[in-house]
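Take a look at the letters that make up each chain.
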Amino acid sequence: MHLHKYEKIWLTFGFAALIIFLSVVGVSAFHQGHTPAGGLQKVDPDNLESTPPFDKPGVHEKEDGSYEVAVVAEAFGYTPGEIQVPAGEKVTFKVTSKDVTHSFSIVDTNVNMMVVPGQVNEKTHVFRDPGKYLIVCNEYCGSGHHFMSMEIEVVDQ
Amino acid sequence: MTAVSIPNPERKLALTNLGIAYTAFIIGTLCGLMQVFIRNDALQLPAWLDYYQILTAHGVLLALIFTTFFIFGFFQSGMSRTLGAFGPKVVFWNWVGLIITTTGTVMATVMIVSGEASVLYTFYAPMMANGFFYVGLALFVVGTWVQSFALAGHYLVWRKANKGEKSPLFAYMTVATIILWIIACLGVVATVLFQFIPWAFGWKEGINVELSRSLFWYFGHPLVYFWLLPAYIGWYVIVPKIIGGKVFSDSLARLSFILFILFSIPVGFHHQLTEPGIASFWKFLQTVLTFMVIVPSLMTAFSMFAVFETRGRELGGKGLFGWFRKLPWKDVRFTSIFIAMLFFIPGGAGGIINASFQMNEVIHNTLWVVGHFHITVGTPVAMTFFGITFWLIPFLTKRVFTKALQRLALIQIITWSIGMVLMSTAQHVLGLFGAPRRTAYTGYQHEDALAWFEGIISNHVTMAVGGSILFLSASLLIFIVVQLAWFAPMAESATQETFPIAESDARETPGILENWTVWIGVALVLIAVAYTIPVADMIQHAPPGSDGFRTW
């Protein structure tokens, strides 16, 4: 099969760029821990009231000084209805759904999590700036989908 | 091979497919027009009509129905043009397939219109539509399979009669696209037949949501290549002929199609990067496989511009870029496709961003994604289809694509481009600011959300202006289609529109490229590597099944 000289140069360049690019993404993901939201824990969506941490939705300070926020999504809102976390601390969101698939996405941050019934999604984030952040559901969940939102307040310590 | 036309049975088949495609197109674009106005609060729907119903119709009609029917009409005419007339069995089974596909389409559409299936075209569980919506989807896919097998049968007959010869490039690429489609559909067929239908009719309780999502995206990503590859056929095989050139390299063209089969399927997890239930390792592995399609994409870009430059120099273009001005810009059959290619440059770059693992979190399910697929399927694919329509319909109806209609066609593609630049730029930027996709009027009371109505580019109003121009352009296209189908003057033999097929030198092309068993085998191995363990894990460690919900 004949390859034109310029095409060889073009493809070699493309291939090299690809390898460098994927290496950067891979190192960032697995060496520095920058993976997108995820998690392998399962729950019974009909029985969240007695499944920790969703039996007590809200903000919990952990022993190591970091924070965990348990959130239950259902059409068309979130429990708890208010969240307040400190700036500059590690905050781990744990989210699941009581009914259909939703999302828990905090505008102006990289927290953008799918909320799938039966599954627990996790993401750790540090808020640098205090203020009120908008949380929206960005996965279609029904006729009230565009009303499904709330605010999270980040306060100075 | 130089036939002025193709036999009547194929003409009727192809025209029926194209007719349904363009009917879906105009209704679908009208839905789109309503959406952009609802999103900036300029339009209130009557109580019996819901935003999400319109959104579902827009997605299904344009992304599934318009594309699929158009593609089969294009394939049927091209296969007859390059491999010779269809036998009676091929014609019969193509009709059977077409009728099944149409029946499925009608069923699903009735369910959507009657509000029984406002689940969007991704129909994510555990939202539960009327069971007949899923039956409609299944019939749609089965119908396309029947048409696919009929075309594959025609190809096999040709190969038997022409032992040892390489098939014409058009037929080769059609078969590659069909193989991709059939392997891809296995995922959606599995989830619809074994998960959704028994669950929606109440024969089985509970659904494994994560499994259904994964099976959907196993199908959902190659689906976009099923749209793209027929456009690539236009780029590789038809455009060179229109500008008077030849295919740059037969073997590389075939190799790129093989690479698309291999690397467009085992990659669905890159649509699921921000969700639980899939370990990071598997998400990353599929990310790597996703990026392999960059190789055939670069090959295609190289081939196209090589053809353009070679031809431009033949026409007397001098200097580094002199050839560029020599290209036949007044020929809308060429200009439309050239603009389509230009749109694919930012479209492809955006795709790389979307699939980039952690970077996906920035844009996942924001308006950015909507902007992205409007400058991939919505322009490179759709506008290539427009460019093909301009000669394919008069070729089939034996009418003339008159000078006046050609001028209108140029206006049509220019307005489509302007509308799309406005709309998709606004969508991309709004997405970066966090505006969600798939929402009706987003009246969130927060300064970040209020800003989505304030910028110049990043504004829902800009999006609506673009959308309105697009709808005008779509109406113009329908006018041209109707003229070409029924009203343009009949052609004399000298003015008869031809089906352009460029010469492609296959003498040096390795025979292994047409050994489908090998490539299907490699594709299945890659799929097994990418999917077996994570899918087995989803089944073994499944949470209790979800009940169905009707939240609309």
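Quick caveat, the model's predicted, so the values are computed rather than measured. (Residues numbered from 1 in each chain as written. Chains lettered and ligands numbered in written order. Predicted model: local features only at pLDDT ≥ 70, side-chain atom pairs only at ≥ 80, totals over all residues. Heavy atoms only, no water.)

**Q** How do you make sense of the overall build of chain B when you look at a structure like this?
**A** The helix and strand tally for chain B stands at 18 helices and 0 strands. Over its C-alpha atoms chain B spans a radius of gyration of 23 Å, differing by no more than 12% from the 24 Å that the globule rule assigns to 552 residues. Over its C-alpha atoms, taken along the principal directions, chain B stretches across nearly 65 × 50 × 45 Å. Scored against the burial criterion, the 552 residues of chain B give a buried share of 63%. Counting only contacts in chain B whose residues sit at least 6 apart along the sequence, the fraction spanning at least 24 positions is 84%. With the model as given, the accessible surface of chain B reaches about 19700 Å², and the carbon-plus-sulfur share is 70%. (Helix = DSSP H or I, 4+ residues; strand = E, 2+ residues; numbered from the N terminus. Rg over C-alpha atoms; globule rule 2.2 N^0.38 Å. Buried < 20%, exposed > 50% of the residue type's maximum accessible area, 1.4 Å probe, protein only. Contact = heavy atoms within 4.5 Å. Areas by Shrake-Rupley, 256 points an atom, 1.4 Å probe, with all protein chains shown as cover.)

**Q** It is not clear to me how the overall build of chain A should be interpreted in this structure. Could you clarify?
**A** What chain A contains, in helices and strands, is 1 helix and 10 strands. Reading the helices (α) and strands (β) of chain A from amino to carboxyl end gives α-β-β-β-β-β-β-β-β-β-β. Against the compact-globule benchmark of 15 Å for 157 residues, chain A has a radius of gyration of 20 Å, which places it well outside the compact range. Considered along the principal axes of its C-alpha atoms, chain A spans approximately 65 × 40 × 25 Å. In chain A, 58% of the contacts between residues at least 6 apart in sequence involve partners at least 24 apart.

**Q** So what exactly am I meant to see when it comes to the nonpolar core here?
**A** Side chains that are nonpolar tend, in soluble globular proteins, to be buried together. With 228 residues, the main nonpolar core has A:F104, B:F74, B:F133 and B:Y134 as its most contacted residues. The element best represented in this core is helix α6 (residues 209-242) of chain B, accounting for 22 residues. When neighbours within four sequence positions are excluded, B:Y134 is seen to be in contact with B:F123, B:M127, B:M128, B:A129, B:V192, B:F196, B:I197, B:W199 and B:A200. Formed by 6 residues, the second largest nonpolar core is a distinct cluster that contains A:V43, A:F54, A:A70 and A:V120. (Core = buried A, V, L, I, M, F, W, Y, C linked by side-chain atoms within 4.5 Å.)

**Q** What's the story with the interface of chain A and chain B in this structure? I'm lost.
**A** Each partner contributes to the interface: chain A provides 65 residues, whereas chain B provides 68 residues. When the area that chain A buries against chain B is broken down by residue, the three leading residues are A:M1, A:Y140 and A:H146, summing to 14%. For the interface between chain A and chain B, the tally reads 2 salt bridges. The shortest N-O distance in the salt bridge between B:E361 and A:K123 comes to 3.0 Å. Taken together, the links from chain A to chain B amount to 22 residue pairs in polar contact (both at pLDDT 80 or more). Among the elements of the structure, α1 (5-30), β7 (112-115), β8 (121-126), β9 (131-136) and β10 (149-155) of chain A are those that each provide at least two residues to the side of chain A that touches chain B. With 14 residues, α1(A) is the largest single contributor of residues to the side of chain A that touches chain B. A per-class count over the side of chain A that touches chain B returns 33 nonpolar, 21 polar and 11 charged. (Buried area = accessible area lost by both parts, 1.4 Å probe. Salt bridge = Lys/Arg side-chain N within 4 Å of Asp/Glu carboxyl O. Polar contact = N/O pair within 3.5 Å; in protein donor to acceptor, adjacent residues only side chain to side chain. Nonpolar A, V, L, I, M, F, W, Y, C, P; charged D, E, K, R; others polar.)

**Q** Whenever I open this one, the domain arrangement of chain B confuses me. Can you help?
**A** Residues and elements named next belong to chain B. Each assigned domain of chain B is listed here: domain 1 (1-165) and domain 2 (328-489). The straight-line distance from the C-alpha centre of domain 1 to that of domain 2 is 20 Å. The interface of domain 1 with domain 2 comprises 33 residues on the first partner and 36 residues on the second. Across the interface of domain 1 and domain 2, roughly 3000 Å² is buried in total on both sides, 74% from carbon and sulfur atoms. Three residues, Y22, V36 and R39, lead the burial of domain 1 against domain 2; their summed loss comes to 25% of the area buried on that side. Applying the counting criterion to the domain 1 and domain 2 interface returns 0 salt bridges. The interface formed by domain 1 and domain 2 contains 8 residue pairs in polar contact (both at pLDDT 80 or more). Broken down by secondary-structure element, the contributors of at least two residues to the side of domain 1 that touches domain 2 are α1 (8-39) and α2 (51-83). Its residues assigned to classes, the side of domain 1 that touches domain 2 comprises 23 nonpolar, 7 polar and 3 charged. (Domains from an automatic or database assignment.)

**Q** Got a minute to help me understand the UniProt feature "domain: Cytochrome oxidase subunit II copper A binding" (unreviewed entry) in chain A in this structure?
**A** Within this structure's numbering, the places UniProt gives as "domain: Cytochrome oxidase subunit II copper A binding" (unreviewed entry) are residues 64-157 of chain A. Helix makes up 0% of residues 64-157 of chain A and strand 54%, whereas the separation of the span's terminal C-alpha atoms amounts to 16 Å. (UniProt positions renumbered as here; feature names shortened; annotations may be inferred.)

**Q** What is the right way to look at the environment of A:V59 in this model?
**A** Residues and elements named next belong to chain A. Note that V59 resides in strand β1 (residues 58-61). Given the relative accessible area of 31%, V59 is considered partly exposed. Spatially, the C-alpha atom of V59 lies 26 Å from that of G144, the residues being 85 residues apart in sequence.

**Q** Even after reading the chapter, I still don't get the pattern of salt bridges, so can you show me in this structure?
**A** Side chains carrying opposite charge are able to pair once their charged atoms draw close together. Enumeration according to the criterion identifies 14 salt bridges over all chains in this entry. Put simply, A:E49, A:E74 and A:K98 are held in one network by salt bridges that share partners.

**Q** Please clarify how unusual backbone geometry should be interpreted in this entry.
**A** Negative phi is the rule for most residues except glycine; trans is the rule for most peptide bonds. Geometrically, the link from A:P52 to A:P53 is a cis peptide bond, its omega value of 0° lying close to zero. Put simply, A:A75 and A:F76 share a cis peptide bond, and its omega is 0°. Looking at the secondary structure, you find A:F76 in the loop between β2 (67-74) and β3 (77-79). Backbone geometry places B:L120, a non-glycine residue, at a positive phi of 65°. Within the element layout of this structure, B:L120 appears in the loop between α3 (88-113) and α4 (131-161). Of the residues examined, B:L120 reaches a relative accessible area of 2% and is grouped as buried.

**Q** Honestly, the side chain of B:N365 in this entry has me stumped. Any pointers?
**A** Within the secondary structure layout, B:N365 lies in the loop between α12 (360-363) and α13 (367-374). Polar contacts involving the side chain of B:N365 include one to the side chain of A:E139, which spans 3.1 Å.

**Q** Mind showing me how you'd approach the sheet that holds strand β4 (residues 83-86) of chain A here?
**A** Two pairing modes exist for strands in a sheet, parallel and antiparallel, and in both the strands are linked by backbone hydrogen bonds. Residue and element names in this part refer to chain A. Ordered by their spatial adjacency, 5 strands build an open sheet running β4-β10-β9-β6-β7, and the pairing between neighbours is mixed. Of all the strands in the sheet, just β4 and β7 have a single pairing partner and so form its edges. With direction set aside, neighbouring strand axes in the sheet form an average angle of 25°. Direction of pairing for strand β6 (residues 102-106) relative to β9: antiparallel, over a ladder of 2 bridges. Residue I106 lies in a different strand from β9, and its bridge partner there is I135. (Pairing = 2+ DSSP bridges. Axes fitted to C-alpha atoms, helices over the stretch in contact; angles between N-to-C directions.)

**Q** Would you mind going over the environment of B:T442 with me for this structure?
**A** All names here are of chain B. Relative to the helices and strands, T442 resides in the loop between α15 (403-432) and α16 (447-450). Separated by 129 residues in the primary sequence, T442 and R313 have C-alpha atoms spaced 53 Å apart. Residues in contact with T442, not counting those within four places in the same chain, are R39, P436, W452, F453 and H460.

**Q** How do you make sense of the packing of aromatic side chains when you look at a structure like this?
**A** The geometry of an aromatic ring pair is captured by the separation of the ring centres together with the interplanar angle, meaning the angle of the planes. Residue and element names in this part refer to chain B. On inspection of all chains with the given rule, the structure shows 70 aromatic pairs over all chains. A ring pair is formed by F123 and Y134, whose centres lie 6.0 Å apart and whose planes are at 65°; its orientation type is edge-to-face. Residue F123 is found in the loop between α3 and α4, and its partner Y134 is found in helix α4; the two are separated by 11 residues along the sequence. Its relative accessible area of 4% is what places F123 among the buried residues. (Phe/Tyr/Trp six-rings, centres within 6.5 Å; stacked < 30°, edge-to-face > 60°.)

**Q** Explain the side chain of B:R399 to me, please; I cannot follow it from the model alone.
**A** Residues and elements named next belong to chain B. Tracing the backbone through its elements, the reader meets R399 in the loop between α14 (377-397) and α15. Nearest to the buried, unbridged R399 among oppositely charged side chains is E492, at 11 Å. Reaching out from R399, the side chain makes a polar contact with the backbone oxygen of A485 at a distance of 3.3 Å. Only 3.3 Å separates the side chain of R399 from the backbone oxygen of W486, close enough to count as a polar contact. Every residue in contact with R399, bar those within four places of it in the chain, is listed here: P394, Q483, L484, A485, W486, F487, A488, P489, M490 and A491. (Lys, Arg positive; Asp, Glu negative; His and termini not counted.)

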